[in-house]
Amino acid sequence: MANDLKEFFLGSARYMRVVIRRLVKGVLLATWIYFLGFFALISASNSASDFFSTQYFGGLPISFRQIYPYDDEGGLTPRQHLARYLRYEDHPAPIDAVLDVLISDPKWSDRSLTVQDDLIGTPGWYAEQYTDLFGKIEKNLGAIVGDRSLDPKAASITLNVPIAFRKIDEDAAITGPLPQEAITWVAEERALINAEKVRRELFDTFMLLIVLGAFGSLIFLTRDYIAKEVETSIAAYFFRPILGIFLAIAMFVLDILAHSIISTADMLEIRPEPLYLLALASGLLSEQAYEVVLLRSKAALERFKKKVSEEAD
């Protein structure tokens, strides 16, 4: 009787241990599937860079400008107003150069603003007028940057001068050519936008590779979970998707390295399609993928050594 009771408790304990292990595996698998599905939707829509830049790096300059747009009462010079307006810009537009061309006789920086009696002493009125003026120039320059068919050397800019800056009998709309500073800025801004686009596409590709690496691992683990006769540790359910992600990243790095060694093209200009297959294989066949990473690393290192020795000679 005692032996039977002991066997019953031992059997119950083994059964409960199996149930708990299976429950933990199921929870880990479901958690991975949830997060993977979320990031897969973001990556598949090519909006991963937008999501992360908005969530963690977005809009401080704009936010400060919106929160504190009028932080003085006219005690600054016009160029000091401009300096404050551009204080958060990484690549500020040459607003002063454009204004020097469009608003002259007297120049915009030498004009005294027309203040209505009911606005005298209103906090921030002067800053508001300058913000309006500078914003119009910035908007016009942005439109020229966005129109890639337009040659900035042949472009002109039209400014609807705010009433506070106009002189008697002066036209509201003033048109003039772009100064050289603005032509150079437009070309630089277009180049920056192109580079940012390439970086975003590379980041989206990188995120999709991570998702595919984890997805391959989840295929393996889901099959393992369904096939009860296969016993895989709980640690594998936690770390195998991470291993798949790391191997996918390694494939990505090796492909960029090989591209930069054997080609003179920009290292950011890579074909993502082969990487997608390698990333999926990294998760699905982690052991074999590790061997591939090891062999490709050795081969890339040998090519790099050969290139260095040739350049030294």
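Each residue is numbered by its place in its chain's sequence as written, counting from 1. It should be noted that, the model being predicted, local features are given only for residues of pLDDT at least 70 and side-chain atom pairs only at 80 or more, the latter also being counted only at that level, while totals for whole chains, interfaces and linings use all residues. Remark: hydrogens and water are excluded; side-chain values derive from all non-hydrogen atoms of the structure.

Novice: Quick one: what's the story with the pairing of strand 2 (residues 173-177), residue by residue and with numbers?
Specialist: Side chains of strand 2 alternate between two faces, with Ile174 and Gly176 buried and Ala173, Thr175 and Pro177 left unburied. One requirement defines pairing of two strands: DSSP has to find at least two bridges between them. What counts as a helix is a DSSP run of H or I of at least four residues, what counts as a strand is a run of E of at least two, and both are numbered from the N terminus. Here five bridges tie strand 1 (residues 156-160) to strand 2, and the two strands are oriented antiparallel to one another. Its bridge partner being in strand 2, Thr158 is matched across the sheet by Thr175. Each residue's exposure class comes from its accessible area (1.4 Å probe, protein chains only) as a fraction of the maximum for that residue type: buried when under 20%, exposed when over 50%, partly exposed otherwise.

Novice: Would you mind going over the environment of Asp50 in detail, with residue names and values included?
Specialist: For Asp50, the location among the structural elements is in helix 2 (residues 48-56). Given a relative accessible area of 38%, Asp50 falls into the partly exposed group. On a C-alpha basis, the gap between Asp50 and Arg200 in space is 8.1 Å, while along the polypeptide they are 150 residues apart.

Novice: How would you sum up the packing of helix 5 (residues 95-102) against helix 6 (residues 125-146)? Please name residues and give values.
Specialist: Look at helix 5 against helix 6: their axes get within 10 Å of each other, and the N-to-C directions meet at 100 degrees. Relative to helix 6, helix 5 is oriented roughly perpendicular. Touching Ile95, Val98, Leu99 and Leu102 of helix 5 are Leu133, Phe134, Ile137 and Leu141, all from helix 6. Under the grouping applied here, Gly and all other residues not named as nonpolar or charged are polar, the nonpolar ones being Ala, Val, Leu, Ile, Met, Phe, Trp, Tyr, Cys and Pro and the charged ones Asp, Glu, Lys and Arg. Of the residues contributing to the contact of helix 5 with helix 6, the split by class is eight nonpolar, no polar and no charged. Helix axes use the C-alpha atoms of the stretch in contact, all axes being lines fitted to C-alpha atoms, and the angles between their N-to-C directions lie in the range 0 to 180 degrees. Here roughly perpendicular refers to angles of 65 to 115 degrees, roughly parallel to angles under 35, roughly antiparallel to angles over 145, and oblique to all remaining angles. Note on contacts: a residue pair is in contact if any heavy atoms of the two residues lie within 4.5 Å.

Novice: Break down the side chain of Thr205 for me, with residues and values.
Specialist: If you trace the backbone, Thr205 turns up in helix 7 (residues 180-226). Given a relative accessible area of 13%, Thr205 falls into the buried group. Each residue touching Thr205, except ones within four places of it in the same chain, is listed here: Pro272 and Tyr276.

Novice: Lay out the confidence of the model for the protein with the relevant residues and their values.
Specialist: Mean pLDDT over the protein works out to 78, with 78% of the residues at or above the 70 mark. Of all the helices and strands in the protein, helix 3 (residues 60-67) carries the lowest mean pLDDT, 42, while helix 5 carries the highest, 91. Ignoring residues within four places in sequence, the model shows residues 56-73, a span with pLDDT below 50, making 22 contacts including any to other chains. pLDDT expresses, on a scale from 0 to 100, how confident the predictor is about each individual residue.

Novice: Break down the pattern of salt bridges for me, citing the residues and quoting the values.
Specialist: Any two side chains of opposite charge can pair if their charged atoms end up close together. Counted as salt bridges are all cases of a side-chain nitrogen of Lys or Arg within 4 Å of a carboxyl oxygen of Asp or Glu. Enumeration over the complete set of coordinates arrives at four salt bridges. In this structure, the salt-bridge partner of Lys136 is Asp132, at a minimum N-O distance of 3.9 Å. A residue pair is termed a helical-turn pair when its members lie 3 or 4 positions apart in one helix, as Lys136 and Asp132 do in helix 6 at four residues. One salt-bridge network, in which partners are shared between bridges, spans Glu196, Arg199 and Arg200.

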